[in-house]
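As a plain string of letters, each chain reads:
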Amino acid sequence: LINKGALDAPFNYIPSTTMMGSCFKFAPEEGIIAAGGIQTIRISFKVMSRGCFEEEFRFRVSGSPKPLTLTIRGFVTRPTVHFNIEELNFGDISFGFPYTMTCRLINGSPGFLKFKLRMSDDGIQPAVTSFDQIGKPDDPAWEDGIHFYVEPREFTVNPSQGTIIPQGYQDIEVTLCSNTVMEFYRRLLVDLEGIGNEMATLIISARCLVPELRVYPHVLLYDECCLKVPYERKFLVVNNTDLPGCYGLIPQKREEDTPVFYSSPKPCGIVQPHSTAEIPVVIEVQTLGEHRTCGL
C-alpha cells in the first residue's frame, strides 16, 4: 500500500465473505501509513481446492469514499510427487538378515510438501534379526521357530516423514528384515499432509529363503574319555550358497540319568556365503560305557 498524499492514512482490511476468500490471510490487517510512505502486506494462501480462482479483496482508507481493491488470480494445481524408480527389487534375501536399498522421493511442485511414508500390509511387532538371535543361545526359537503374537513388521523406512522443499527431493532408505519365508510384493505409499493419501506408490519385491547349511563331519569321535573330564572336538558348518546363514546349537535338556553332557563356547553364529564356520563342542561323560549322543 502506497500513500501518495500529504496526510497520514489509517487503513484496515475488509474481511472477505467468500469461501475462496477465507483461504487468504493478510498481515498486517490494519495500520497507519505515513504521508509518502509505504506499507508492505504479506499475503498467505492456504489451498482448499484445485482449479482457477479470481478474488477481489478490499481495504478501507479513512477519508476515502471508495475502498481500495486488490484482485488476485491464480490456478491451483495438484502437487506432483514421485519416486525416481518404479520398483525396489531386493532379489533373493536370507531369513533374519536386514537388507537396505535406497530410493529418492521427488517434489515436482512449486511449494513445500509434508510427507509421510508407510508400507502396505506390514505388521506391528518388530522382526527379529539373526544378529539379535545369536545373542540368545537358550532361546526356544532355535528349536521351535520364532513366534509372533501379531504379524511381524519387516520393513523399516528412514526417514518415514518430513518436508521436501519446492522442486527438491529426499533420499529414502528402505530396510527389509524378513521373518517369513515367502515372496514379497508390497507397496511403499506416500501421504501428503493436507492434500491426500497414496499420492505416490513404489513397488517393493523380494524373495526370502533359508540357505542350506551342511555339517562336517556328521559324527564326532571322542575315543576314550575319563568320567567328568571335559574333552573338546570341532566340527564345521559349511555354507555353499550365495546367502548368509545363521546356526545355533540346540541347548541340551539334561536329566539325572543323562550319560553325556555337551556344550559349546560358541553355540551360535553366522556363516557368510561360500564360507565355513568352526564350532567347538565340549563333552563330559557322566557314566561308564559306550555312548552315542545326538546333539544338533
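Quick notes on the rules
- Here the residue index of a chain counts from 1 through its sequence in written order.
- A pLDDT threshold of at least 70 governs which residues receive local features in this predicted model, and a stricter bar of 80 or more applies before side-chain atom pairs are shown or counted, although totals over entire chains, interfaces and linings include all residues.
- Here the side-chain values reflect all heavy atoms present in the structure, with hydrogen atoms and water set aside.
- In this scheme Phe, Tyr and Trp rings, the latter by its six-membered ring, pair at centre separations within 6.5 Å, and the angle between planes marks the pair as stacked below 30 degrees, edge-to-face above 60, and tilted otherwise.
- Going along the chain from the N terminus, every DSSP run of H or I of four or more residues is numbered as a helix, and every run of E of two or more is numbered as a strand.
- Whether a residue is buried, partly exposed or exposed follows from its accessible area with a 1.4 Å probe, protein chains only, as a fraction of its type maximum: under 20%, in between, or over 50%, in that order.
- Counted as over-ring charges are cases with an Arg CZ or a Lys NZ within 6 Å of the ring centre that also lie within 35 degrees of the ring normal.
- Put simply, a disulfide is two cysteine sulfurs that come within 2.5 Å.
- For two strands to be treated as a pair, DSSP must find no fewer than two bridges joining them.
- Here the axes come from fitting lines to C-alpha atoms, over the contacting stretch only for helices, and the angles between their N-to-C directions go from 0 to 180 degrees.
- Grid points spaced at 1 Å over the protein atoms alone were grouped into cavities, where a 1.4 Å probe fits but cannot get out, and pockets, open sets with protein on both sides within 12 Å along at least five of seven lines, with lining residues defined by an atom within 4 Å of a point.
- Grid points are joined across faces, edges and corners, and a volume is the space filled by probe spheres set on the points.
- Ten residues, namely Ala, Val, Leu, Ile, Met, Phe, Trp, Tyr, Cys and Pro, are considered nonpolar, four, namely Asp, Glu, Lys and Arg, are considered charged, and the remaining ones, Gly among them, are considered polar.
- For the domains described, the bounds stem from an automatic or database domain assignment.
- Throughout, a residue-residue contact means that at least one pair of heavy atoms, one from each residue, lies within 4.5 Å.
- Here a polar contact is recorded for every N or O atom pair within 3.5 Å, except that within protein the pair must consist of a potential hydrogen donor and a potential acceptor, and residues adjacent in sequence are included only if both atoms are side-chain atoms.

- Naming follows an unreviewed UniProt entry, where the protein appears as HYDIN protein of Copsychus sechellarum.

### Details of the packing of aromatic side chains
The geometry of an aromatic ring pair is captured by the separation of the ring centres together with the interplanar angle, meaning the angle of the planes.
Part 1 of the reasoning: Tallying each qualifying case throughout the model produces ten aromatic pairs.
Part 2 of the reasoning: Aromatic pair Phe155 and Phe184: ring centres 5.9 Å apart, planes at 85°, arrangement edge-to-face. One end of the pair, Phe155, is in strand 13 (residues 155-158); the other, Phe184, is in strand 16 (residues 183-192), and 29 residues separate them in sequence.
Part 3 of the reasoning: Take Phe155: its relative accessible area is 3%, and that puts it in the buried class.
Part 4 of the reasoning: Accessibility expressed as a relative area gives 3% for Phe184, which makes it buried.
Part 5 of the reasoning: Members of the aromatic cluster, each reached through a chain of ring pairs, are Tyr13, Phe24, Phe26, Phe45, Phe53, Phe57 and Phe59.
Part 6 of the reasoning: Above the plane of the ring of Tyr169 lies Arg104, whose end atom (NZ or CZ) is 3.8 Å from the centre.
Part 7 of the reasoning: Looking at Arg254, its charged tip hangs above the ring of Phe261, at a distance of 4.3 Å from the centre.

### Structural notes on the state of the cysteines
Part 1 of the reasoning: Under the counting rule described, the total for this entry stands at zero disulfides.
Part 2 of the reasoning: Looking at the unpaired Cys23, the closest cysteine sulfur is the one in Cys52, lying at 15 Å.
Part 3 of the reasoning: Looking at Cys23, the relative accessible area reads 9%, which means it is buried.
Part 4 of the reasoning: Its sulfur unpaired, Cys208 is 8.7 Å from the next cysteine sulfur, which belongs to Cys177.
Part 5 of the reasoning: Under the relative-accessibility criterion, Cys208 is labelled buried at 2%.

### Quick notes on the sheet that holds strand 16
Part 1 of the reasoning: Taken in spatial order, the five strands line up as 8-17-16-10-14 in an open sheet, and their pairing is mixed. Each end of this open sheet is capped by a strand with a single partner; those strands are strand 8 (87-94) and strand 14 (161-164). Taking the axes of each pair of neighbouring strands and ignoring which way they run, one obtains an average angle of 25° across the sheet.
Part 2 of the reasoning: Looking at chain direction, strand 10 (residues 113-119) and strand 14 are connected through four bridges and run antiparallel. Within the sheet, the bridge partner assigned to Leu113 lies in strand 14 and is Ile164.

### A look at the sheet that holds strand 13
Part 1 of the reasoning: Taken together, four strands build an open sheet; the order of strands is 7-9-15-13 and the sheet is antiparallel. The open sheet has two free edges, formed respectively by strand 7 (81-83) and strand 13, since each of these has just one partner strand. Pairwise comparison of adjacent strand axes, ignoring direction, gives a mean angle of 25° for this sheet.

### Quick notes on the layout of surface pockets
Part 1 of the reasoning: Estimates place the volume of the largest pocket at around 870 Å³.
Part 2 of the reasoning: Together, 29 residues line the largest pocket, and Leu220, Tyr222, His291, Arg292 and Thr293 are the ones closest to its centre.
Part 3 of the reasoning: When residues of the lining of the largest pocket are assigned to their parent elements, the largest contribution, three residues, is made by strand 23 (residues 275-285).
Part 4 of the reasoning: Along the lines of polarity and charge, the residues of the lining of the largest pocket split into 19 nonpolar, six polar and four charged.
Part 5 of the reasoning: Computed from the structure, the second largest pocket encloses a volume of approximately 740 Å³.
Part 6 of the reasoning: The wall of the second largest pocket is formed by 23 residues, among which Val47, Pro79, Phe112, Leu113 and Ile195 lie closest to the centre.
Part 7 of the reasoning: Two domains each provide a minimum of three residues to the lining of the second largest pocket, namely domain 1 (2-76) and domain 2 (81-209).

### A word on the environment of Arg214
Part 1 of the reasoning: Following the sequence through the fold, Arg214 ends up in strand 18 (residues 213-216).
Part 2 of the reasoning: When sequence neighbours within four positions are dropped, the list of residues in contact with Arg214 reads Leu236, Val237 and Val238.
Part 3 of the reasoning: Looking at Arg214, its side chain comes within polar contact range of the side chain of Glu212, at 3.2 Å.

### Let's talk about unusual backbone geometry
Part 1 of the reasoning: Cis geometry marks the peptide bond from Ala27 to Pro28; its omega dihedral reads 0°.
Part 2 of the reasoning: Turning to its location among the elements, Pro28 is positioned in the loop between strand 2 (24-27) and strand 3 (30-33).
Part 3 of the reasoning: That bond from Asn158 to Pro159 is cis: its omega, -5°, falls within 30 degrees of zero.
Part 4 of the reasoning: Looking at the secondary structure, you find Pro159 in the loop between strand 13 and strand 14.
Part 5 of the reasoning: The phi dihedral of Gln167 is positive, around 60°, even though this residue is not glycine.
Part 6 of the reasoning: With respect to the helices and strands, the residue Gln167 is situated in the loop between strand 14 and strand 15 (169-177).

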